[in-house]
Amino acid sequence: MKILKNKIKIIRPDDWHLHLRDGEMLKSVLPYTAAHFGRAIIMPNLTPPITSVSDAIDYRDRIKSNLIGKENFEPLMTCYLTDHTDPDEVERGFYEKVFTAVKLYPARATTNSEFGVTKWNNVHGVLERMEKIGMPLLVHGEEADPEIDIFDREAFFIDNVLSGWVRNDFPALNIVLEHITTKEGAEFVKSCEKNIAATVTPHHLVINRNDLLAGGIRPHLYCLPIAKRDKHRRALRSAVTSGNRSFFLGTDSAPHTNSSKESDCGCAGIFNAQNAIEIYASVFEEMNALEEFEKFASLNGPNFYGLEPNREYLVLEKKNHRIDEEIELPDDQDTIRPFLFGEELNWRVVDG
Ligand code: NCD
Ligand code: ZN
């Protein structure tokens, strides 16, 4: 990595948590990720979800066929874990290099999670097999029980579910706790062995729950897990800039149309693919930790997944620009609003 007065040059980063959707939405959002990132872990929560090797091959083909001019971008596919997932199917997908990982959604915890896991016993056999073959489990770490307060669901899941698997049931399973939002999440990961890691989104490093709710409700800042108190945002900022190898970049860019966000029952998900890397750069600069940026963005993820870092580079320059581009979807005349729409950023990708 090179840090000059107004520029930084890093190994091309990867996005270890991304929603690309399908059809016209896929076509519209994919170029933004492919412009900056070398690879991305593609979330399987389509309707219906990606649950078999053949679904994943077809979805990967649809992604690749939309990569005009950016054919080097590599989508890494995941299998959506259900109560009925067959361990043999998961293992075959892993050995055939179709599945990079399995994604666990507790049923009804988030967008398109209704096919997720209802009882941990139902997936015991799959997790056992994954532990044996060294296949990572990516966890949406929120308890889905409607009785539990939405702001406590991550901490509850860590205490009551994850700690048990990690310490008792599957101590050697490679687990990524996706998009952590709490101090408890960061501390849990720090306290574990190297087989437990976490991704952190740009938005959870920037906003807290006041930004979402005080002075008016902001549907474009609503995502799951929901943004928490500021002490949690500060804990996440310290964790990612600390140089600890267990934290890496995962944008959780999750596009929804403006009409589905600005509604009586608005969808959860923030679309940040356009400017994610620039927002992360600002956070590292604000924390006086630019020298740790490349580890978080480009090295820790491949290291955890047992992959080589990318060979290409990305250059960012200190340059103000306003986020003013909404994405127009051709068919239904709807638009997708990016995270921090209308605001100024102080870093810009200039070569990639
Ligand atoms: C994601 C989505 O829209 O698919 N939404 C979100 O708020 N992050 C699902 C998820 O990652 O929880
Ligand atoms: Zn997600």
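The rules we used
Residues numbered from 1 in each chain as written. Chains lettered and ligands numbered in written order. Predicted model: local features only at pLDDT ≥ 70, side-chain atom pairs only at ≥ 80, totals over all residues. Heavy atoms only, no water. Helix = DSSP H or I, 4+ residues; strand = E, 2+ residues; numbered from the N terminus. Rg over C-alpha atoms; globule rule 2.2 N^0.38 Å. Buried < 20%, exposed > 50% of the residue type's maximum accessible area, 1.4 Å probe, protein only. Contact = heavy atoms within 4.5 Å. Donors = N, O, S within 2.8 Å, 3.2 Å for Na, K, Ca; no water. Tetrahedral: all angles 85-135°; square planar, octahedral: opposite > 155°, others 65-115°. Salt bridge = Lys/Arg side-chain N within 4 Å of Asp/Glu carboxyl O.

**Regarding the overall build of the chain**
For the chain, the helix and strand inventory stands at 12 helices and 14 strands. Expected size for 352 residues packed as a compact globule is a radius of gyration near 20 Å; at 19 Å, the chain falls within 12% of this value. Oriented by its inertia axes, the alpha-carbon framework of the chain measures out at about 50 × 45 × 40 Å. Per-residue burial over the chain gives 58% buried out of 352 residues. Restricting to contacts in the chain with at least 6 residues of sequence separation, those with at least 24 account for 74%.

**Brief notes about the coordination of the zinc ion (ligand 2)**
Note on metal geometry: ideal angles are 109.5 degrees for four donors arranged tetrahedrally and 90 or 180 degrees for six donors arranged octahedrally. Those donors, His17 (NE2), His19 (NE2) and Asp252 (OD), are the protein atoms that reach the zinc ion (ligand 2), and they lie 2.0 to 2.1 Å from it. Around the zinc ion (ligand 2) sit four donor atoms, and with donor-metal-donor angles ranging over 91 to 140° the site reads as irregular. Sequence spacing of the donor residues for the zinc ion (ligand 2), all on one chain, is H-x1-H-x232-D. Of the residues examined, histidine 17 reaches a relative accessible area of 1% and is grouped as buried.

**Brief notes about the pattern of salt bridges**
Where charged atoms of side chains with opposite charge meet at close range, the side chains can pair. Tallied over the full model, the rule gives 15 salt bridges. The partner of arginine 92 in a salt bridge is glutamate 89, with the nearest N and O atoms 3.3 Å apart. Placement of both arginine 92 and glutamate 89 in helix α3 (residues 87–95) is noted, with a separation of three residues, approximately one turn of the helix. The exposure class of arginine 92 is partly exposed, given its relative accessible area of 38%. Arginine 322 is paired through a salt bridge with glutamate 344; the nearest N and O atoms lie 3.5 Å apart. Taken together, the positions of arginine 322 in strand β11 (residues 313–322) and glutamate 344 in strand β14 (residues 344–351) put the pair 22 residues apart, joining distant regions of the chain. Judged by its relative accessible area of 45%, arginine 322 falls in the partly exposed class. Judged by relative accessible area, glutamate 344 falls into the partly exposed class, the value being 43%. Counted as one network, the salt bridges with shared partners bring together Asp88, Glu91 and Arg129.

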